[in-house]
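# Chains, contacts and geometry: an overview
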Amino acid sequence: MACELCNKILEVFRIPFGDEVTTPLGPHHQILKYTCQQCHHIRERVYVACCDWLNELGSRKIYPQSLSITLSIPRGQRDLDFSMSYSHGSTGLTVELVRGASTPWGSGKLVDKQWIDPGIFRTWKSACDRLHKSCQALPDFQYGSLAPARPRWLIDVSNFCLVPASTLFELRYVALSYVWGGTMTLQTLLSTVDKFQTRDAFGVGDYANQIPATIRDAMHVTSLLGERFLWVDSLCIVQDDEATKTDCLNNMTSIYAYATVTIIAAQGNDADEGLRGVKGDVSKRRQHPQEIFTVGGEKMIKRYFPPATSAWYSRGWTYQEGVFASRRVVFEGESARWQCNEALWSEEIYPEKHAGPKPFDDEHQHHLFTAPFPNMDAYREMIWRFTQRRLTFAEDSIFALAGVTNVLSQTFEGGFLCGLPELFFDSALLWQGKVERKTMKFTSRGIPSWSWSGWSGVVRGDLWTARNYVKSSANPAFGARDSVSYPGYQLYPILQWYSSDNISTEERRPIANRAYAYRELSFDPEKTLPHGWTRHILEREKPLDDETITLLIPGQGKYYFTHICDPLTHFWFPIPICESSAEAKIPPHHSYICCKTQMAFISTYTRRISQGGTPYIVLQTESGSFIGALHLDEEASINRGVYSLISTSRCVRLNRCPIGPPGWDDKDRPRATTLYEYYYVLWVDWDSEHSYWCRKGLGHVIRDVWEQMDLNWVDITLG
């Protein structure tokens, strides 16, 4: 017979999914007195939490006679969240009530521990088709639809062969995102593409035996989804046809965005792992760890959430595939699940319109693609995430992100050069990280030292921020940042950069670094603004507590600006914004950049360790005074006699800013003035074997000191 606690817990599951529920359970000592075996599992969780909470309160000299326990379910979730008075702490238990004859309102269901229900894939897709309008829309990451997908080949999973996509009346297909690993997978080549179009080429015989388990299982799942065609990179790209291969790589985002479903194989470390639990020729059994218990005589299940630790999450190629796949069947751990724009459904629950937490947690990534203007905050987040992943071949770094940067070129005027936005090229060069120089294995094309793409390791860009030009925004695509953001610095370009495909500077292309082209218009209210921009007088309700924060706002914060593409966003000054009808500009893949700049040589320095544990160099005068600092890209380069430095841009920053250039936290850095003026410098080293300069580190030198040094004007090429 159910106890009072059982009934209270069961009652919350009668509330329609999506509503927020809060139910007082009473004092903790009273809850723990229950002896009902049917809610033992729940009471055990409350007991453990109470012990932790009482210990925490005891450390704060608080000794309550009892803790008041509240049971709540957050909006849109099925988490039993137990919280208490005296503390902000809580303990959660994600459970579902199993649907049965006496509990038709339950959402949970029991699963086969070894095999996935083969009908569940089509059930998920049909439910999404029926319930989710946004999932049926064409991909819309920018002003209009994403460029149409152009896969050249697809696998016909009924006839087990390749078919030209151009011959299909309706281009409808499933895509596979997986990890190759060390598997010697079958690949389509110019010499085999005709043979692979033969019926049963992938069904029987030598070629069929060379197809890895993951691809074979994906072919079977495609059929279970009710679809006929599958796109897999190893078989649907002719690997030794460089022209068509490059086109496919540049349009990878469209291929995944337009797939009706993407199968994500996040199990194992290579393509031989297969999709566990799919009944077929090669799939392995799985061991689903579903935990079942009873409350008030009714079955409940504790939801299974596998850890995101597989190789799929750490490989560079899968990054853009995951970002652009709008409907996914994910094989992870010992389970499968459905993820789309509106829902997350596991095997353990019945598919309702919304069932589960927010489907995608990569909010910054979607902001990057939906903002109608260049969003440097989201770009910084994207590069930080991408550089945490690994690539088998170092030279793939640019191509593994090419699809993403090609899409972003619709809002970042000028496109991307080796992963750096040309619009913000001066600030894009100022990346940092604990990195190692990449070495090439299978290409003669150089990997640039001046771009983060030429290095292995996690990269950050402290100057990659929209705070410098965006005052505030109510646009959800920009994070709905209503509070006013005051820039802590202003960067001033001093060079004209050029790119080239070879060391010669005769055939070079100017880099369109125009982010600050209209900044001076904010000073003079009489000057004509570019098309689409409107100037507004900034009226404050009360004076600022600290007027120094306006020193770095162009026009001292008297005006703000809006653009017709997004009236919800207020800018400190106009920036170049692409017209929605204009074709995105994709710059050529040049490995060299060149400019005319000033060079200095510094030989007096001290090695120090930053608060974050990163070694850096303090640049000094002969008497030991601080004149700047240098972060070395490779720690092994730290013991050098002379550093060759070139200036790249000038910066003015509030001295009280929490972050700044390398050496910003150094104890000897001057802090007496309100503003701190300096030059950003690159440490460069001459590569005599290839006859060009290489970037070795990033730093800064105090402006007055730099301008008084023995400077030489040089024409420099970075490779």
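Residues numbered from 1 in each chain as written. Predicted model: local features only at pLDDT ≥ 70, side-chain atom pairs only at ≥ 80, totals over all residues. Heavy atoms only, no water.

It is worth spelling out a nonpolar patch on the surface at this point. Together, L32, Y47 and V48 make up a nonpolar patch on the protein surface, roughly 260 Å² of accessible area in all. Classification of V48 as partly exposed rests on a relative accessible area of 44%. (Patch = residues over 30% accessible without salt bridge, like charges linked within 9 Å, V, L, I, M, F, W, Y side chains within 5 Å. Areas by Shrake-Rupley, 256 points an atom, 1.4 Å probe, with all protein chains shown as cover. Salt bridge = Lys/Arg side-chain N within 4 Å of Asp/Glu carboxyl O. Buried < 20%, exposed > 50% of the residue type's maximum accessible area, 1.4 Å probe, protein only.)

The next subject is the packing of aromatic side chains. Under the criterion given, the structure shown has 28 aromatic pairs. For the ring pair F196 and Y207, a centre distance of 4.9 Å and an interplane angle of 80° mean the geometry is edge-to-face. Separated by 11 residues along the polypeptide, F196 in the loop between β7 (174-177) and α5 (206-209) and Y207 in helix α5 bring together distant segments of the chain. On the basis of relative accessible area, F196 is assigned to the buried category, the value being 0%. By relative accessible area, Y207 is classed as partly exposed at 25%. (Phe/Tyr/Trp six-rings, centres within 6.5 Å; stacked < 30°, edge-to-face > 60°. Helix = DSSP H or I, 4+ residues; strand = E, 2+ residues; numbered from the N terminus.)

Okay, the pattern of salt bridges next. Under the counting rule described, the total for this entry stands at 23 salt bridges. Among the salt bridges present, the one from R385 reaches E381, with a minimum N-O distance of 3.1 Å. Taken together, the residues span about one helical turn, with R385 and E381 both in helix α12 (residues 376-386) at a distance of four residues. Residue classification places R385 among the partly exposed positions, given a relative accessible area of 23%. A salt bridge links E677 to R650; the nearest nitrogen and oxygen atoms lie 3.8 Å apart.

In this section: the sheet that holds strand β5 (residues 153-156). To summarise the sheet geometry, strands pair through backbone hydrogen bonds and adopt either a parallel or an antiparallel arrangement. Across the sheet, which stays open at both edges, the eight strands sit in the order β6-β5-β8-β7-β9-β12-β13-β14 with mixed pairing between neighbours. For this open sheet the edge positions go to β6 (161-164) and β14 (344-346), each flanked by a neighbour on one side alone. Strand-to-strand twist in this sheet, taken as the mean axis angle between neighbours without regard to direction, amounts to 30°. Taken strand by strand, helix α6 (residues 213-224) contacts β5, β7, β8 (229-231), β9 (261-266) and β12 (328-332), and its axis lies near 145° from that of β8. (Pairing = 2+ DSSP bridges. Axes fitted to C-alpha atoms, helices over the stretch in contact; angles between N-to-C directions. Contact = heavy atoms within 4.5 Å.)

On to the confidence of the model for the protein, then. In the predicted model, the protein carries a mean pLDDT of 84, and 86% of its residues have values of at least 70. For the stretch residues 357-361, pLDDT sits under 50, and the model shows 17 contacts to residues farther than four places along the chain or on other chains. (pLDDT = per-residue confidence, 0-100.)

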